[in-house]
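Given next are the chains, with one letter for each unit.
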Amino acid sequence: MRLAIDVMGGDQGSRAIIEGSARAVIERPGLALTLFGPRQQIDAELSRLPQPLAAATSRLVVSDAPDSVSQAATAAWALRRGKATSMARMLHSLSAGEAAAGVSAGNTGALVALSRRELGMLAGISRPAISTAIPARGGRRCYLLDLGANVDSPATRLVDFAMMGAAMAQCIDGIERPRVALLNVGAEATKGSANVREADWLLRERADRQGFHYLGYAEGGDIFQGEVDVVVCDGFVGNVTLKASEGLTRMLVERVQMAFESRLSGRLASLLARPVLKRLKQELDPVRYNGASLLGLQGIVVKSHGSARADGFYYAIQRALKEVEHNLPARIAARWSRS
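Everything numeric in this text was worked out from a predicted model, so none of it was measured.

Thoughts on the overall build of the chain
Inference 1: For the chain, the count of helices and strands is twelve helices and eleven strands.
Inference 2: Within the span of the chain, comprising 339 residues, buried residues form 51% of the whole.
Inference 3: Within the chain, contacts between residues at least 6 apart in sequence are counted, and of these 74% link residues at least 24 apart.
Inference 4: A total of about 15,600 Å² of accessible surface is found on the chain, and carbon and sulfur atoms cover 52% of it.
Inference 5: Taking the 42 positively charged and 33 negatively charged side chains of the chain as two groups, their mean positions are separated by 3 Å.

Structure, rendered in structure tokens:
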């Protein structure tokens, strides 16, 4: 299996992306990656890989792309002038059938716009949605979408998001009838914007024949309770919710560790509790959930967090591999064929 990787665009530079890519290749013998970016820069980073990762270079192919999309670039700029960028060439290789999926840590707006142009949308879907998994109680996870591809969404688009999120939970997690809810400011029928109330009515009409269980409205705290599999909202709300939850998680883990280490007895307790703290950090660490899916495209594109280090980019690649293995676009298209 071959994936296409946009090496440029991440906040940590190309080294983090190349190291994360090398780790993925080492752990999966059948995997090969094409790295898109300035050849000289990529070759230099490959030569500096630590010894345990050096063996990966035989399955990391460099494809020269001299330009990159800056974080300040607009989607319009990327569409007009971004043909020679690493992001555009990565997506073109995907549309040409040279790779099974693409992964990028670059500019989100540009990635969405270029993906739509290069890959096209599945029949019946007008706009892609960005979705990722958030850890919840009982070892479960909840898919939240949209996370920023569509800042303001009409009711029909929110319904599309619900269907795509349900397909994700069914396909990736094996949930036969995913539980879906609309994010709102309260559970009462009169709460929320006109778009949300209309989407609520449409989902009550369509949920059964689409193979998921619609729960109605959910509030922010319900995302983490383990009682809902998919939470739907517009991109503005979703992005704020995701970033706030990531920041809170990091603060809580740090506070717990500081509380143990603040006194001598606490330091002793910290040593005894270290295995539990390590497990807690691993379970809640946002790095493990890095990799947001662009749903609704005729191909698989995963957006890594721009600030992701090597381990975070590795998890984004794992997300892409899961979607390839389950043929996620075809599963989403199947839902529209019976809508």
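Let's talk about the nonpolar core
Inference 1: Residues M164, L182, F212, V232, V301 and I332 are the most contacted members of the largest nonpolar core, which totals 72 residues.
Inference 2: Here this core gets 13 residues from one element, more than from any other, and that element is helix α7 (residues 155-173).
Inference 3: When we break this core down by domain, the ones giving at least three residues each are domain 1 (1-122 + 296-325) and domain 2 (126-293).
Inference 4: The contacts of I332, once residues within four sequence positions are left out, are L122, I125, M164, A167, L295 and G296.

Some details on the domain arrangement of the chain
Inference 1: Examined at the domain level, the chain breaks down into domain 1 (1-122 + 296-325) and domain 2 (126-293).
Inference 2: Domain 1 and domain 2 are separated by 26 Å when their C-alpha centres are compared.
Inference 3: Facing the 20 residues of domain 1 at the interface are 19 residues of domain 2.
Inference 4: Between domain 1 and domain 2 the total buried area reaches about 1,500 Å² when both faces are included, carbon and sulfur atoms providing 55% of it.
Inference 5: Contact with domain 2 buries surface across domain 1, with H305, Y315 and R319 losing the most and accounting together for 34% of the total.
Inference 6: Across the domain 1-domain 2 interface, the total number found is zero salt bridges.
Inference 7: Summed over the shared surface of domain 1 and domain 2, the number is six residue pairs in polar contact (both at pLDDT 80 or more).
Inference 8: No other element matches the eight residues that helix α11 (residues 310-326) contributes to the side of domain 1 that touches domain 2.

Details of unusual backbone geometry
Inference 1: Note that the residue after L145, namely D146, is joined by a cis bond; omega there is 10°.
Inference 2: Note on placement: D146 falls in the loop between β6 (141-145) and α7.
Inference 3: Phi angles above zero are rare outside glycine, and N327 is one such case at about 50°.
Inference 4: Along the chain, N327 turns up in the loop between α11 and α12 (328-337).
Inference 5: Residue class for N327 comes out partly exposed when judged on its relative accessible area of 44%.

Some words on the pattern of salt bridges
Inference 1: In total, this model carries eight salt bridges according to the counting rule given.
Inference 2: Across the pair D229 and R179 runs a salt bridge, and its minimum N-O distance is 3.1 Å. Note that D229 is positioned in the loop between β8 (213-218) and β9 (230-232) and R179 in strand β7 (residues 179-183), a separation of 50 residues in sequence.
Inference 3: The exposure class assigned to D229 is buried, which follows from its relative accessible area of 1%.
Inference 4: Here the salt bridges do not stand alone but share partners, grouping R15, E45 and R48 into one network.

Some remarks on the packing of helix α1 (residues 14-27) against helix α2 (residues 39-47)
Inference 1: Where α1 meets α2, the closest approach of the two axes is 10 Å, and the angle between their N-to-C directions is 60°. Overall, the two elements α1 and α2 adopt an arrangement that is oblique. As for how α1 packs across α2, the hand of that crossing is right-handed. Along its contact with α1, which presents S14, R15 and I18, the element α2 presents Q41, I42, E45 and L46.

Things to note about helix α8 (residues 194-206)
Inference 1: In this model α8 runs 19 Å from its N-terminal to its C-terminal C-alpha over 13 residues, within 8% of the 18 Å that 1.5 Å per residue would give.
Inference 2: Among all positions in α8, only V196, A199, D200, L202 and L203 are buried.
Inference 3: For α8, the elements touching its buried residues are α7, β7 and β8.

Some thoughts on the environment of N290
Inference 1: Within the fold, N290 resides in the loop between α10 (264-284) and β10 (292-295).
Inference 2: Look at N290 and you get buried, because its relative accessible area is 10%.
Inference 3: Residues within four places of N290 in sequence aside, it is in contact with S304, H305, A308, G312, F313, Y315 and A316.
Inference 4: Within the structure, N290 has its side chain in polar contact with the side chain of S304 (distance 3.0 Å).
Inference 5: At 2.8 Å, the side chain of N290 forms a polar contact with the backbone nitrogen of H305.

What about the packing of aromatic side chains?
Inference 1: Tallied over the entire structure, the rule returns one aromatic pair.
Inference 2: Taking 5.2 Å as the distance between ring centres and 75° as the angle between the ring planes, the aromatic pair formed by Y314 and Y315 counts as edge-to-face.
Inference 3: In this structure Y314 comes out as buried when scored by relative accessible area, which is 8%.
Inference 4: When its relative accessible area of 25% is taken as the criterion, Y315 is described as partly exposed.

Cut-offs used in this document
Residues numbered from 1 in each chain as written. Predicted model: local features only at pLDDT ≥ 70, side-chain atom pairs only at ≥ 80, totals over all residues. Heavy atoms only, no water. Helix = DSSP H or I, 4+ residues; strand = E, 2+ residues; numbered from the N terminus. Buried < 20%, exposed > 50% of the residue type's maximum accessible area, 1.4 Å probe, protein only. Contact = heavy atoms within 4.5 Å. Areas by Shrake-Rupley, 256 points an atom, 1.4 Å probe, with all protein chains shown as cover. Lys, Arg positive; Asp, Glu negative; His and termini not counted. Charge placed at Lys NZ, Arg CZ, Asp CG, Glu CD. Core = buried A, V, L, I, M, F, W, Y, C linked by side-chain atoms within 4.5 Å. Domains from an automatic or database assignment. Buried area = accessible area lost by both parts, 1.4 Å probe. Salt bridge = Lys/Arg side-chain N within 4 Å of Asp/Glu carboxyl O. Polar contact = N/O pair within 3.5 Å; in protein donor to acceptor, adjacent residues only side chain to side chain. Axes fitted to C-alpha atoms, helices over the stretch in contact; angles between N-to-C directions. Parallel < 35°, antiparallel > 145°, perpendicular 65-115°, else oblique. Left-handed = near helix turned anticlockwise from the far one by under 90°. Expected span 1.5 Å × (residues − 1). Phe/Tyr/Trp six-rings, centres within 6.5 Å; stacked < 30°, edge-to-face > 60°.

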